[in-house]
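Letter by letter, the chains look like this.
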Amino acid sequence: DDKGLSEAYDFAVQLGKDAGKMLLDAAWSRINGTEIDTGVDQKESSVDIVTKTDYAVEEFIRQAVATKFPHHSFLGEETYSAGDSRKYLVTSSPTWIVDPLDGTVNFTHLFPMFCVSIAFCINGYPVIGVINAPFMNQFFSSCKGRGSWLNESHRLPLMRSPVPPLPKDAPSGCTFACEWGKDRRDDPNGNLARKVHSFATMALERKGRGGTGGMVHGVRSLGSATLDLAYTAMGSIDIWWEGGCWEWDVAAGIAILEEAGGIVTTANPPPDPVTARITKVGLGDRLYLAIRPAGNAEEESGVDAQ
Ligand code: IPD
């Protein structure tokens, strides 16, 4: 009910602030050289890394959730058991989905785009999202029916009103973001090579729909899927694509983007964002395409939002 949702939202916002403070302290202790733990462990591959900060922040959040909402489920990046092969890890019970540190590589290199990401799901779908990127002082929050916000004061998208539609020949004229993920198999025709090719094709060689070969204004890869979605909600990224995401990489970002009026859909391989039929994404789809909030999307740009 509404009261329950408000309670969860207030809790998530405070939790995001507290966890963000932990991340910021950890980042500064790296900068100041006072850090006790500089260790980085590998998970699936040498680029799939985890720090003690990931574990500490997840544990802090897990305990806070267990204390406040003992009957809710919890899914965290670091406590997920890799042997669980279900496609959809989130059930219909109220569930908190947490990435304690999205952008772990960024964090270890002190590239500013790292954050904590907290989502609350009802019936398997995120209705609350909180993302705190403390090194950049950016705090995103959303609750179904109440809008998406930057630093609790600026409503998303951060664009002039009315929000401009996507360019008719998108992705020409768009900012396009994608992530490289963590798959580094030693296979020239493997995932990474295919990804690079599809990104480049999408960004630079758009064909069809009368297109003469598109020119995106810029291609970005920020190192945090969660923040990509938040920036798409802001309107700073027009289109985002990634394959291989887990629930915790996207849940809070989906809540924030959709509440801001943007679209997120499943994508394999990346469909033409202009002509693709938009299907509702399921957490667990792994491949995602996100499109920023756009004024008169259906009429002006041809995006079919059904
Ligand atoms: C990763 C980041 C990265 C994306 C990967 C994610 P992590 O999350 O979001 O940008 O490409 O798919 O797993 O490991 O830093 O929490």
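Further up the page is the structure itself.
Bear in mind the structure is a predicted one, so any value in this text is a computation, not a measurement.

## Describing the overall build of the protein chain
Alright, step 1. A count of helical and extended segments in the protein chain gives seven helices and 14 strands.
Alright, step 2. Out of the 306 residues belonging to the protein chain, those deemed buried represent 53%.
Alright, step 3. Excluding contacts between residues fewer than 6 apart, the proportion of contacts in the protein chain whose partners are at least 24 apart in sequence is 66%.
Alright, step 4. In the structure as shown, the protein chain presents an accessible area of about 13,900 Å², 53% of it carried by carbon and sulfur atoms.

## Some thoughts on the sheet that holds strand β14 (residues 287-291)
Alright, step 1. Here five strands make up an open sheet; going across it, the order is β11-β10-β12-β14-β13 and the pairing mixed. If you trace the sheet from one side to the other, it starts and ends with β11 (218-220) and β13 (263-266), each paired once. Neighbouring strand axes in the sheet, compared pairwise and without regard to direction, differ in orientation by 15° on average.
Alright, step 2. In terms of strand pairing, strand β10 (residues 175-178) meets β11 through three bridges, oriented parallel. The residue of β11 that forms the bridge with Ala 177 is Arg 220.
Alright, step 3. The strands touched by helix α5 (residues 225-234) are β10, β12 (239-243) and β14; relative to β12, the strand with the most contacts, the crossing angle is about 160°.

## With respect to the site of the ligand
Alright, step 1. Taken together, 14 residues form the shell around the ligand, and within it Asp 102, Gly 103, Thr 104, Lys 182 and Glu 242 come nearest.
Alright, step 2. Ser 224 places a main-chain nitrogen or oxygen 3.2 Å from an oxygen atom of the ligand.
Alright, step 3. When the free accessible area of the ligand is taken as 380 Å², the share hidden by the protein chains comes to 92%.
Alright, step 4. Residue contributions to the shell around the ligand peak at three residues, all from strand β4 (residues 95-102).
Alright, step 5. Residue classes in the shell around the ligand are distributed as two nonpolar, five polar and seven charged.

What counts and what doesn't
Residues numbered from 1 in each chain as written. Predicted model: local features only at pLDDT ≥ 70, side-chain atom pairs only at ≥ 80, totals over all residues. Heavy atoms only, no water. Helix = DSSP H or I, 4+ residues; strand = E, 2+ residues; numbered from the N terminus. Buried < 20%, exposed > 50% of the residue type's maximum accessible area, 1.4 Å probe, protein only. Contact = heavy atoms within 4.5 Å. Areas by Shrake-Rupley, 256 points an atom, 1.4 Å probe, with all protein chains shown as cover. Pairing = 2+ DSSP bridges. Axes fitted to C-alpha atoms, helices over the stretch in contact; angles between N-to-C directions. Near = heavy atom within 4 Å. Polar contact = N/O pair within 3.5 Å; in protein donor to acceptor, adjacent residues only side chain to side chain. Nonpolar A, V, L, I, M, F, W, Y, C, P; charged D, E, K, R; others polar.

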